[in-house]
Amino acid sequence: MIALKLGVISDDVKNVIIWGNHSSTQYPDVNHAKVKLQGKEVGVYEALKDDSWLKGEFITTVQQRGAAVIKARKLSSAMSAAKAICDHVRDIWFGTPEGEFVSMGIVSDGNSYGIPDDLLYSFPVTIKDKTWKVVEGLPINDFSREKMDLTAKELAEEKETAFEFLASA
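How each quantity is defined
- Residues numbered from 1 in each chain as written.
- Predicted model: local features only at pLDDT ≥ 70, side-chain atom pairs only at ≥ 80, totals over all residues.
- Heavy atoms only, no water.
- UniProt positions renumbered as here; feature names shortened; annotations may be inferred.
- Phe/Tyr/Trp six-rings, centres within 6.5 Å; stacked < 30°, edge-to-face > 60°.
- Helix = DSSP H or I, 4+ residues; strand = E, 2+ residues; numbered from the N terminus.
- Buried < 20%, exposed > 50% of the residue type's maximum accessible area, 1.4 Å probe, protein only.
- Salt bridge = Lys/Arg side-chain N within 4 Å of Asp/Glu carboxyl O.
- Pairing = 2+ DSSP bridges.
- Axes fitted to C-alpha atoms, helices over the stretch in contact; angles between N-to-C directions.
- Contact = heavy atoms within 4.5 Å.

- The protein is annotated in an unreviewed UniProt entry as Malate dehydrogenase 1 from Phocoena sinus.
- According to UniProt, the comment filed for the protein under the heading Sequence similarities (unreviewed entry) is "Belongs to the LDH/MDH superfamily. MDH type 2 family."

Structural data, given as structure tokens:
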């Protein structure tokens, strides 16, 4: 979506973060994203100059993407999930290029972003020698904090529901 809006290829956009759950509460964050425009790397916010679109339609569209795929194809979005798995395997195998990171659902234990431990939560990671490491120290603004906490709350509720179900089985 960012590439289309800016008229570049998707390879020219990097470091977009997906925080949290794989659901309608996931938070696509472009605060740390970069785009190559006319040979120069700039921040996505600076390039787009459209705060309303980035905080509105962009987020909503990404959050609803799975449902949109199912509706359009009238089939499962399994191929989309399969593509994501292939991308993760590629990233683990080959690593991430210097200065770039990807988002992966990992166990949240010990993170520096204030996300409760023991959740499977998507964070920005770098990968080297087939080992991932959470990108530390990214500044989080109030808007992002609210979105990140909302998706963490949903994951904690899902975890609690699962444990209740298992306890009653």
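**Thoughts on the packing of aromatic side chains**
- What the rule picks out here adds up to six aromatic pairs.
- Look at W19 and F123: their rings are 6.1 Å apart centre to centre, the planes differ by 80°, and that puts the pair in the edge-to-face class. On the criterion of sequence distance, the pair formed by W19 in strand β2 (residues 17-19) and F123 in strand β7 (residues 120-128) is long-range, its members being 104 residues apart. A single burial state applies to W19 and to F123, both of which are buried.
- Consider the rings of Y27 and F143, whose centres lie 6.1 Å apart with planes at 70°: the pair is edge-to-face. Of the two residues, Y27 is situated in strand β3 (residues 27-29) and F143 in helix α7 (residues 142-168); the sequence distance between them amounts to 116 residues.

**A short note on the pattern of salt bridges**
- Evaluation of the coordinates by the stated rule reveals nine salt bridges.
- Residue D51 is joined to K55 by a salt bridge in which the shortest nitrogen-to-oxygen separation is 3.7 Å. Here D51 and its partner K55 are both found in helix α3 (residues 51-55), four residues apart, which amounts to about one turn of the helix.
- Its relative accessible area of 38% is what places D51 among the partly exposed residues.
- With a relative accessible area of 35%, K55 lands in the partly exposed category.
- Between R90 and D91 there is a salt bridge; the shortest N-O distance is 3.0 Å.
- You can call R90 partly exposed: its relative accessible area is 40%.
- Overall, D91 belongs to the buried group, its relative accessible area being 9%.

**Quick notes on the sheet that holds strand β1 (residues 13-14)**
- What the three strands build is an open sheet, ordered β1-β4-β5; its pairing is antiparallel. Edge positions in the sheet fall to β1 and β5 (40-43), since each has one partner strand and no second.

**Overview of the sheet that holds strand β8 (residues 131-134)**
- In space, the three strands of this open sheet follow the order β6-β7-β8, with antiparallel pairing throughout. Strands at the two margins of the open sheet, each flanked by one partner only, are β6 (102-107) and β8. For this sheet, the mean inter-axis angle between neighbouring strands, taken without regard to orientation, is 60°.
- Looking at chain direction, β6 and β7 are connected through six bridges and run antiparallel. Opposite I106, over in β7, you have Y121 as the bridge partner.
- Where helix α6 (residues 78-94) meets the sheet, its contacts fall on β6 and β7, and the angle it forms with β6 comes to roughly 95°.

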